[in-house]
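Structure assessment
Here's the letter readout for the chains.
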Amino acid sequence: QVQLVESGGGLVQAGGSLRLSCAASGSSFSRYDMGWHRQAPGKQREVVATISTRESTTYRDSVKGRFTISRDNAKNTVYLQMNSLKPEDTAVYYCRATTMFNAYWGQGTQVTVSS
């Protein structure tokens, strides 16, 4: 079992930056594949970026070159550095931890980008 707590969201102007953090409780953080997802009002939740236990990363096309996902296993934390933010990045951002058998979600953090 793992509990995830996101932080770092807020209101930022277009072109600005934010850094999201997701702190995991419990043991074996290094064994989880981690991901950031987002859900805008009236839209389905979508994957933004993932990082595997071996630190292999993937990004959705719309954030490539602007967002960077990273993890610090010593701190049980995964990060999402978001640069050059756009109004269409506005959403609730969720952290997700997965193994072959389980998936866990955080409560989400709001990111609002004003034009």
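The sections below set out a description of the structure shown in this document. (Residues numbered from 1 in each chain as written. Predicted model: local features only at pLDDT ≥ 70, side-chain atom pairs only at ≥ 80, totals over all residues. Heavy atoms only, no water.)

Some thoughts on the state of the cysteines
All told, the structure shown has 1 disulfide when counted by the stated rule. Each sulfur of the disulfide joining Cys 22 and Cys 95 lies 2.1 Å from the other. Between Cys 22 and Cys 95 the disulfide shows an S-S torsion of about -80°. By sign, it is left-handed. Pair noted here: Cys 22 is in strand S3 (residues 18–24) and Cys 95 is in strand S9 (residues 91–98), with a separation of 73 residues, a long-range link. (Disulfide = S-S within 2.5 Å. Helix = DSSP H or I, 4+ residues; strand = E, 2+ residues; numbered from the N terminus.)

Side note on the pairing of strand S1 (residues 4–7)
Covered by surrounding structure in S1 are Leu 4 and Glu 6 only, the residues Val 5 and Ser 7 on the alternate face being uncovered. Here 4 bridges tie S1 to S3, and the two strands are oriented antiparallel to one another. Within the sheet, the bridge partner assigned to Leu 4 lies in S3 and is Ala 24. (Buried < 20%, exposed > 50% of the residue type's maximum accessible area, 1.4 Å probe, protein only. Pairing = 2+ DSSP bridges.)

Describing the pattern of salt bridges
Tallied over the full model, the rule gives 5 salt bridges. The closest approach of N and O atoms between Asp 89 and Arg 38, which form a salt bridge, is 3.0 Å. Taken together, the residues span a long stretch of sequence, with Asp 89 in the loop between strand S8 (77–82) and S9 and Arg 38 in strand S4 (residues 33–39) at a distance of 51 residues. For Arg 38, a relative accessible area of 5% gives the class buried. One network of salt bridges, with partners in common, ties together Arg 38, Glu 46, Arg 60, Arg 66 and Asp 89. (Salt bridge = Lys/Arg side-chain N within 4 Å of Asp/Glu carboxyl O.)

Concerning the side chain of Arg 66
Along the chain, the position of Arg 66 falls in the loop between strand S6 (57–59) and strand S7 (67–72). Among the residues examined, Arg 66 registers a relative accessible area of 10% and is labelled buried. Every residue in contact with Arg 66, bar those within four places of it in the chain, is listed here: Gln 81, Met 82, Asn 83, Ser 84, Leu 85, Lys 86 and Asp 89. (Contact = heavy atoms within 4.5 Å.)

Some remarks on the nonpolar core
Membership of the largest hydrophobic core comes to 29 residues, with the highest contact counts inside it found for Leu 4, Met 34, Trp 36, Val 78, Leu 80, Met 82 and Tyr 93. Setting aside its immediate chain neighbours within four residues, Met 82 contacts Gly 16, Ser 17, Leu 18, Leu 20, Arg 66, Phe 67, Tyr 93 and Val 111. (Core = buried A, V, L, I, M, F, W, Y, C linked by side-chain atoms within 4.5 Å.)

Focus: the packing of aromatic side chains
Counting across every chain of the model gives 2 aromatic pairs. Measuring from ring centre to ring centre gives 6.1 Å for Tyr 32 and Tyr 104, while their planes differ by 70°; the resulting arrangement is edge-to-face. Here Tyr 32, found in the loop between S3 and S4, pairs with Tyr 104, found in strand S10 (residues 103–105); they are 72 residues apart in sequence, far enough to count as distant. Both residues of the pair, Tyr 32 and Tyr 104, belong to the buried class. Centroid distance Tyr 94 to Trp 105: 6.3 Å. Interplanar angle 85°. Geometry classified as edge-to-face. With Tyr 94 in strand S9 and Trp 105 in strand S10, this residue pair connects regions lying 11 residues apart in the sequence. Residue classification places Trp 105 among the partly exposed positions, given a relative accessible area of 37%. Here Arg 45 stacks its cationic end above the ring of Trp 105, 4.6 Å away from the centre of that ring. A cation over an aromatic ring shows up here: Arg 71 above the ring of Phe 29, its NZ or CZ 4.8 Å from the ring centre. (Phe/Tyr/Trp six-rings, centres within 6.5 Å; stacked < 30°, edge-to-face > 60°. Lys NZ or Arg CZ within 6 Å of the ring centre and 35° of its normal.)

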